[in-house]
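# Tertiary structure, described
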Amino acid sequence: MRHILTFLIFIVCSLTAHAQNIYFNHLTPANGLSQISVNSVFADKGGTIWMATRMGLDCYDGNSIHVYSYDANNPHSLFCNNVRQVVGDGNHTIYLSCSEGVASLDVHTLRFTTLHCSGNMSICYSDALYMSDKNIVYRTTDKGKTKKLYARLPACETVATMTMDSRKRLWIGTVSGGLYLLQGGKQKHVINDAHITTIYEDSRHNIWVGSWYNGLWTIAPNGKTTNVKAGSWLISNFVRTFCEDLQGNMWIGTYHGLIRYNPTNGQHRLFTADGQVGSLTNSSIWSIIRDQQGTLWIGTYFGGVNYVNPEYEIFTRYRASTRQKGALSFPVVGSMTEDASGRLWISTEGGGLNIYDRKTQEFSRFSGIPTANIKALHFDRRRNTMWVGSHLDGLYRVDLASGRVSNYRHIRNDRTSLPDDIVRDIIEYNGRIIVATQNGVASINPDEGGKPRFARILPKERLLAVPSLCIDRHNQLWIATDGNGVYRYDLHTGRHTHFVHKTGDTTTISNNYVCHITNDRLGRVWLSTASGNINMYDEVKGRFTSYGAADGLKGDGVYAATPSSLDKYSMLLITNHGFAVLNTRNREIRNYDCAVGIPLESINEKGLYVTHDGKVLIGGIDGMVMFDERDLYKTTAPYRLGFSQLYVNGKEIEPNDGTDILQYDLRYTKELTLDHDQTVFSVEYFTTNFVKANDRPVEFRLKGLSNQWIPARQKILSFSGLPSGTYTLELRCPDSDIATASLKIRILPPWYLSWWAYIIP
């Protein structure tokens, strides 16, 4: 049976391993987690994440993890470190089920209170706190001060889990006797002879029930009960947790992995810890919750916490594999293009020429070209031919109808042969194919009979390495070079203009190393340079306009650019930093990289292409990604800004720590007062945004000192030497509807400068 299960896991993983659009972020002991096993996760009203471990209660605010555990010298500390379950009242109280009883935490004061001492207790919160003790369920409405008997199961039962549904019915799962339903004071035995692990109500009011050995059950609103066991789409009979995402998919945590299941159409996908970047850290899932943004927080047995927001996972990544059929053949991906049927042709630098069928979602290697290192592609629609440029093996012509392949090579001392066997770019003009090589540019008429004859372009110029070619709207050929600027060549008259960088002249090109040339949808010519700038040629004024770091572009070199499919004024760019969108109307630049969710470590030159239907492809050194450009402009998931930590004279300040500065946790403090000798202080801010693609810049100002907004480049804002007075620290995300956070700070004068000092006779 174990071998069959392993085989099933392998099959399910193999079907999707080369295409992945779910990337899990991780919190482990390396990030400050107190222990690797996370039994339960809870998101409070303020967006803070609380995690139950065997070593205490961990709190994550987006910056760091704070651990709350037993302290013999603190009567308000947690009484038991082995925390099994976390729930909350939706306000400012959190309830914990521990191995030795139940406790509460006031998140305003960070004080714990022990409510009940007894082992094997389960809790849930609805209109009140419900606590179990063996076969008895208690209800308390005064934060545990008094508790009343609410339900008594048969004496042989032990309560394992409870859930109050939207109809105010209490579902009670037991250790061995199955599931009970309490409604209107009456008990009903719904499922017999099962160890129930978890109970969950979805948005359709179906009840999902997990078990140790019997898989899962669904109970429809009309009472229809269905049992699902391992062998169909369920990977394990040990089902521990459920959670519904904002798209209506059910996420099911099991002993052998995490399943995303669509109840409407039955589609499902298994996620396991496969060792790949962005995968789960552990396949044994203990708990799942969804926060206010829709991010799923997943507690694992031996991998800490994983989190992901499925709605904002817009990037689909394709990995290379030599073992999986239908996968990319090599991780380094360069130029790409489409043929007439919509298939994607993909050059790799080590795995030859790949073809991706978007219908079957599978890759295949084109066997007609033995060369492993492909540099350039061009689809000749007129001839239904794919032209392929290689590294060291010349130019290939592939007739897509017949499959016939021809190869053109450089012949020494033959000026009519290909100038060089390294082909870096290919374009078409008036039926002729123009080829950029490592030793100049030449064109050929493929329809001429006899021996192929290449005509050199600008043979007297030392073009040498030519990475890119482009035809502008006036039928002029633009030629990029590695270190010698750009040439503009009139294909009819033979005249040319040479553009080079001139130091101190901002109207010239930014750098003589030009990586790529293209046209935008308005017919303007764009040059991507190695200086970190992209240049637009103004043909009316005969000068170049530069866009770069001064406009917010990140990166030291622009590799390539292509027009946006959504906006004729926007350009898509790839740089050594990542991907960017440039809006030329307002010079706005939006940057995207690994930090905001693009799952590529480094982007490859020429690894940028936009399909006929607006899908953007980016090639890297570790595979390629595809996404819909429209998804870059998804509505921002709501979140809030706030202040989380205070440091005065180098010391961290906590509520009721004897300094009399904070009565409540800083997240819930609106005003604080400092003495005149406490003017060296720092405030750490946080956001409840856990979606990388959702990140927005943050600014701050200290009113009373200055009204100027300053970019917050670090999470800790430091101040010193402020005179006595009243200040307001404000934090905002500009050009957004996210509420501004504010903290009033009053600094007292020394006693001899206070008003009452002057009235002392």
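A quick note: this is a predicted structure, and the numbers were derived from the prediction, not measured.

## Digging into the overall build of the chain
A count of helical and extended segments in the chain gives one helix and 66 strands. Each principal axis of the C-alpha atoms in the chain carries an extent, and together these give about 100 × 90 × 40 Å. Within the chain, the fraction of its 761 residues that count as buried is 56%. Considering only contacts in the chain between residues 6 or more positions apart, those separated by 24 or more positions represent 47%. Accessible surface, the chain: about 33,900 Å² in total, of which carbon and sulfur atoms supply 47%. With 78 positive and 70 negative side-chain charges, the chain shows a separation of 4 Å between the mean positions of the two kinds.

## Details of the confidence of the model for the chain
Within the chain, residue pLDDT values average 93, and 96% of them lie at 70 or more. Confidence drops under pLDDT 50 across residues 1-17; counting only partners more than four residues distant or on other chains, this segment forms 13 contacts. Within the model, the stretch residues 756-760 combines pLDDT values under 50 with five contacts to residues more than four positions away or in other chains.

## Comments concerning the sheet that holds strand S46 (residues 496-499)
Strand order in the open sheet made by the four strands is S43-S44-S45-S46, with antiparallel pairing throughout. Edge positions in the sheet fall to strand S43 (469-471) and S46, since each of these pairs with one other strand and no more. For this sheet the average axis-to-axis angle between neighbouring strands, irrespective of direction, equals 15°. Alignment of S43 against strand S44 (residues 476-480), held across three bridges, turns out to be antiparallel. Residue pairing across strands places Ile471 opposite Leu477, the latter belonging to S44.

## Re the side chain of Thr385
Tracing the backbone shows Thr385 in strand S36 (residues 385-390). A distance of 3.0 Å separates the side chain of Thr385 from the backbone oxygen of Arg383, its partner in a polar contact. For Thr385, the residues in contact, after removing those within four places along its chain, are His378, Phe379, Asp380, Arg397, Val398 and Asp399.

## Focus on the pattern of salt bridges
Tallied over the full model, the rule gives 24 salt bridges. A salt bridge links Arg424 to Asp482; its shortest N-O distance comes to 2.8 Å. Here Asp482 lies in the loop between S44 and strand S45 (486-490) and Arg424 lies in strand S39 (residues 423-429), a separation of 58 residues in the sequence. What you see here is one network of salt bridges that share partners, running through Asp380, Arg383, Glu428 and Asp447.

## Here's the deal with the packing of aromatic side chains
By the definition in use, this model includes 36 aromatic pairs. Plain terms: the ring middles of Tyr60 and Trp297 are 6.2 Å apart, the flat faces sit at 65° to each other, and that makes the pair edge-to-face. Of this pair, Tyr60 sits in strand S5 (residues 56-60) while Trp297 sits in strand S28 (residues 296-300), placing them 237 residues apart in sequence. When sorted by exposure, Tyr60 lands in the same class as Trp297, which is buried. Aromatic side chains Tyr307 and Phe690 sit 6.3 Å apart centroid to centroid with 75° between the ring planes, which places their arrangement in the edge-to-face category. Of this pair, Tyr307 sits in strand S29 (residues 305-308) while Phe690 sits in the loop between strand S61 (681-687) and strand S62 (699-703), and the two are 383 residues apart along the sequence. Across the pair, Phe690 and Tyr307 agree in class, each one buried. Among the aromatic side chains, those forming a connected cluster through ring pairs are Tyr60, Trp297, Tyr307 and Phe690. Positioned above the aromatic ring of Tyr312, the side-chain terminus of Lys634 is 6.0 Å from the ring centre.

Calculation rules
- Residues numbered from 1 in each chain as written.
- Predicted model: local features only at pLDDT ≥ 70, side-chain atom pairs only at ≥ 80, totals over all residues.
- Heavy atoms only, no water.
- Helix = DSSP H or I, 4+ residues; strand = E, 2+ residues; numbered from the N terminus.
- Buried < 20%, exposed > 50% of the residue type's maximum accessible area, 1.4 Å probe, protein only.
- Contact = heavy atoms within 4.5 Å.
- Areas by Shrake-Rupley, 256 points an atom, 1.4 Å probe, with all protein chains shown as cover.
- Lys, Arg positive; Asp, Glu negative; His and termini not counted.
- Charge placed at Lys NZ, Arg CZ, Asp CG, Glu CD.
- pLDDT = per-residue confidence, 0-100.
- Pairing = 2+ DSSP bridges.
- Axes fitted to C-alpha atoms, helices over the stretch in contact; angles between N-to-C directions.
- Polar contact = N/O pair within 3.5 Å; in protein donor to acceptor, adjacent residues only side chain to side chain.
- Salt bridge = Lys/Arg side-chain N within 4 Å of Asp/Glu carboxyl O.
- Phe/Tyr/Trp six-rings, centres within 6.5 Å; stacked < 30°, edge-to-face > 60°.
- Lys NZ or Arg CZ within 6 Å of the ring centre and 35° of its normal.

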